[in-house]
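Now for the letters of each chain:
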Amino acid sequence: MRGFLDLGLLKLETTLGKMAVQEITKVQELIYTTRVEDVMATDVIVVDPSMTVAEVKSLMKEKHISGAPVVQDENIIGIVTMTDILAAMEEGRLHEPVTMSMSTKVKTVVRDSVVAEVGNILGLKGSSRLPVVDRNGKLVGIVTTGTVTKYLLRRLDQSFQKNEQERLQAYRASHIFQDIVSDDTSVVLRFVVDDKDFSNAGKASSMIKKALQRLVVNPQIVRRVAVAVYEAEMNLVIHTDVGGEIIVDIRKDKLNVSAVDHGPGIADLKQVLQPGFSTAPEWIRDMGFGAGMGLANIKRVSDMMKLISEPGGGTRLDLVFDLKNS
Amino acid sequence: MKLKELIEVLDAEIILDNHGSDEEIPAGGAADLMSDVLAFGSPGMALLTGLTNPQVVRTAEMAGINAIILVRDKKAPPETVELARELGITLIRTSYTMYEACGRLYHAGLPGLGVVKIRNDTW
Ligand SMILES: Nc1ncnc2c1ncn2[C@@H]1O[C@H](COP(=O)(O)OP(=O)(O)OP(=O)(O)O)[C@@H](O)[C@H]1O
Ligand SMILES: [Mg+2]
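To start, this report covers the structure provided alongside it.

Conventions adopted
Residues numbered from 1 in each chain as written. Chains lettered and ligands numbered in written order. Predicted model: local features only at pLDDT ≥ 70, side-chain atom pairs only at ≥ 80, totals over all residues. Heavy atoms only, no water. Helix = DSSP H or I, 4+ residues; strand = E, 2+ residues; numbered from the N terminus. Buried < 20%, exposed > 50% of the residue type's maximum accessible area, 1.4 Å probe, protein only. Contact = heavy atoms within 4.5 Å. Areas by Shrake-Rupley, 256 points an atom, 1.4 Å probe, with all protein chains shown as cover. Near = heavy atom within 4 Å. Polar contact = N/O pair within 3.5 Å; in protein donor to acceptor, adjacent residues only side chain to side chain. Nonpolar A, V, L, I, M, F, W, Y, C, P; charged D, E, K, R; others polar. Arc of directions from axis to C-beta. Phe/Tyr/Trp six-rings, centres within 6.5 Å; stacked < 30°, edge-to-face > 60°. Pairing = 2+ DSSP bridges. Axes fitted to C-alpha atoms, helices over the stretch in contact; angles between N-to-C directions. Buried area = accessible area lost by both parts, 1.4 Å probe. Salt bridge = Lys/Arg side-chain N within 4 Å of Asp/Glu carboxyl O.

**Observations concerning the overall build of chain B**
The helix and strand tally for chain B stands at 5 helices and 5 strands. When the helices and strands of chain B are read in sequence order from the N terminus, they spell out α-β-β-α-β-α-β-α-β-α. Each of the 123 residues in chain B was classed as buried or not, and the buried ones make up 52%. Partitioning the contacts of chain B with sequence separation of at least 6, the portion at a separation of at least 24 is 52%. Carbon together with sulfur atoms contributes 51% to the accessible area of chain B, which is approximately 5600 Å² in total.

Structure (structure tokens):
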């Protein structure tokens, strides 16, 4: 195992020198979750037992390979390598059947085992080529240290590029306040929220959360904003008959959130601010809403909260979050 | 508690595996009311719930919750699984009731969140 891991890591260090530690644990994750059949080469060049050493030699030369399994009736009866061929040549057995020179102790790996297993076997044996068989012992492919390393590098590169992409986007977004100069720069996000649309409920909050993460706002503040905006968004979905709008105004040092609707409004503001008070109907409660805790939650996580409403005149909720002192 | 231990304690089945089994779960909580989750949810915790609608996943996203455990042998509708997949949240189901699932986890050493207070006198 070790030998194999070392090999993988060594190549990684030279090829993708800037890769972070998390990518190394990613190697471990990959070798324990990837099946051999996803890595193996399936176009296996095989040697027929009737071939002579000389014939095998020219086959290997022509195909640029340094070894091949010897197969009879779909079963592997041996494996022959360049070293075996050279030894046979030295002893003048060039025209004898290859079966005399092949090694018959063939290690194989089953197609649905994990790649770590390959490392185990190859590492112990010190060889670099392992035939892959199915449950019945039939040859289905071949793995070499080369195929495994190539596969791992490709997969790592993919996840590396994905992370890099996200990092780059976050970097670009977070520098907006430096890159664009004004006396007071702000980024404004607007979202329309439909009433009773439960399949889209929460999408605005989700997008706001992601935007703040890209702007590299302190994670604790991101969480507080997410909770408040989500409660506000659900109130628009649940308690209005017309939906409403959420506006997030992000500045360098503070963040304003407004949730505005032209719905039924609220008659008794004091009452709805009481934790536990809710007018949500039964079917809303069945969905897990209507605890009467939404506004209390918003109040708790925000630095300032203002609720303005009039029966028949809609509702406006204004929140302020301080981005400086966290 | 590691995720794999939690699964063992609950005899649970993984519906959607978005975290390694060695993921450390710092705490647990149970609720069927989304505002409760938002009030007491802490980052990385496991949420036990009897609800299976997609809003549970949304709520978990907002509260920074990594794993949702559906109790009482509930099945997750496809929309819920889909959203959890999109958001990278692990979904687990167990046949134990809420009471017993919580009890088993707490007994096995998964802490709760202690005493929580909702301020109601600050308006
Ligand atoms: N935009 C709104 N328009 C009209 N009424 C509202 C609006 N927002 C809140 N309310 C009223 O205020 C009450 C309390 O709201 P709050 O968010 O605290 O609890 P809830 O929405 O009923 O339940 P929870 O948020 O815990 O799921 C609501 O039940 C509703 O009567
Ligand atoms: Mg509410």
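**What about the overall build of chain A?**
Per the secondary structure count, chain A includes 13 helices and 10 strands. Out of the 326 residues belonging to chain A, those deemed buried represent 45%. Looking at chain A as shown, the accessible area adds up to about 17500 Å², and 51% of this sits on carbon and sulfur atoms.

**What about the site of ligand 1?**
A:His239, A:Ser278, A:Thr279, A:Gly290 and B:Ser35 are the nearest of the 20 residues found near ligand 1. In this structure, A:Asn235 approaches ligand 1 through a side-chain N or O atom, which is 2.9 Å from an oxygen atom. In this structure, an oxygen atom belonging to ligand 1 sits 2.9 Å away from a main-chain N or O atom of A:Gly292. Compared with its free state, where it exposes 590 Å², ligand 1 has 95% of that area covered by protein. Among the secondary structure elements, those contributing two or more residues to the shell around ligand 1 are helix 10 (219–239) and helix 13 (294–301) of chain A. Looking at which element gives the most residues to the shell around ligand 1, the answer is helix 10 of chain A, with 3 residues. Along the lines of polarity and charge, the residues of the shell around ligand 1 split into 7 nonpolar, 11 polar and 2 charged.

**As for helix 5 (residues 82–90) of chain A**
All names here are of chain A. Here helix 5 has its buried residues at Asp84, Ile85 and Ala88. Projection of helix 5 onto a plane perpendicular to its axis shows the buried side chains occupying an angular sector of 100 degrees, all on one side. Seen from the buried face of helix 5, the exposed residues on the opposite side, beyond 90 degrees, are Thr83 and Glu90. Buried residues in helix 5 make contact with helix 4 (53–63) and strand 2 (75–81). Where helix 5 ends, the next residue or the one after it, Gly92, has phi of about 70 degrees, a positive value.

**Overview of the packing of aromatic side chains**
Residues and elements named next belong to chain A. Counted under the stated rule, the structure contains 1 aromatic pair over all chains. Arranged with centres 5.8 Å apart and planes meeting at 75 degrees, the rings of Phe198 and Trp283 form a pair that is edge-to-face. Of this pair, Phe198 sits in the loop between strand 6 (186–193) and helix 9 (203–214) while Trp283 sits in helix 12 (residues 282–286), and the two are 85 residues apart along the sequence. By relative accessible area, which is 13% here, Phe198 ends up buried. Looking at Trp283, the relative accessible area reads 44%, which means it is partly exposed.

**Brief notes about the sheet that holds strand 2 (residues 28–30) of chain B**
Residue and element names in this part refer to chain B. Overall, mixed pairing links the 5 strands, which are arranged 1-5-4-3-2 in an open sheet. Unpaired on one side and paired on the other, strand 1 (13–16) and strand 2 mark the two borders of the sheet. For this sheet, the mean inter-axis angle between neighbouring strands, taken without regard to orientation, is 25 degrees. As paired strands, strand 1 and strand 5 (residues 90–93) are joined by 3 bridges and run antiparallel to one another. Across the sheet, residue Leu16 finds its bridge partner in strand 5, namely Leu91. Packing against the sheet, helix 4 (residues 78–87) makes contact with strand 1 and strand 5, and its axis sits at approximately 75 degrees to strand 1.

**Structural notes on the interface of chain B and chain A**
Counting from both sides, the interface comprises 25 residues of chain B and, opposite them, 29 residues of chain A. When chain B packs against chain A, close to 2300 Å² is buried across both sides, 57% of that on carbon and sulfur atoms. At the junction of chain B with chain A, the criterion picks out 0 salt bridges. Counting across the chain B and chain A interface gives 13 residue pairs in polar contact (both at pLDDT 80 or more). In terms of residue class, the side of chain B that touches chain A is built from 11 nonpolar, 9 polar and 5 charged.

**A word on the environment of A:Arg167**
Residue and element names in this part refer to chain A. With respect to the helices, strands and loops of the structure, Arg167 is situated in helix 7 (residues 145–174). Note on Arg167: relative accessible area 53%, which makes it exposed. On a C-alpha basis, the gap between Arg167 and Arg214 in space is 8.4 Å, while along the polypeptide they are 47 residues apart.

**Topic: the sheet that holds strand 5 (residues 139–144) of chain A**
Residue and element names in this part refer to chain A. A sheet is described by the order of its strands in space; here 3 strands give the open sequence 3-4-5, paired in mixed fashion. Two strands bound the open sheet, and with one partner strand each, they are strand 3 (109–110) and strand 5. As paired strands, strand 4 (residues 129–133) and strand 5 are joined by 5 bridges and run antiparallel to one another. Bridged to Pro131 within strand 5 is Ile142.

**Section: the pattern of salt bridges**
Any two side chains of opposite charge can pair, given that their charged atoms come close. If you walk through the whole model with that rule in mind, you get 17 salt bridges over all chains. A salt bridge links A:Glu166 to A:Arg214, with the nearest nitrogen and oxygen atoms 3.2 Å apart. Placement of the pair is A:Glu166 in helix 7 and A:Arg214 in helix 9, with a sequence separation of 48 residues. Residues B:Glu82 and B:Arg85 are paired through a salt bridge, measuring 3.5 Å at the closest nitrogen-oxygen approach.

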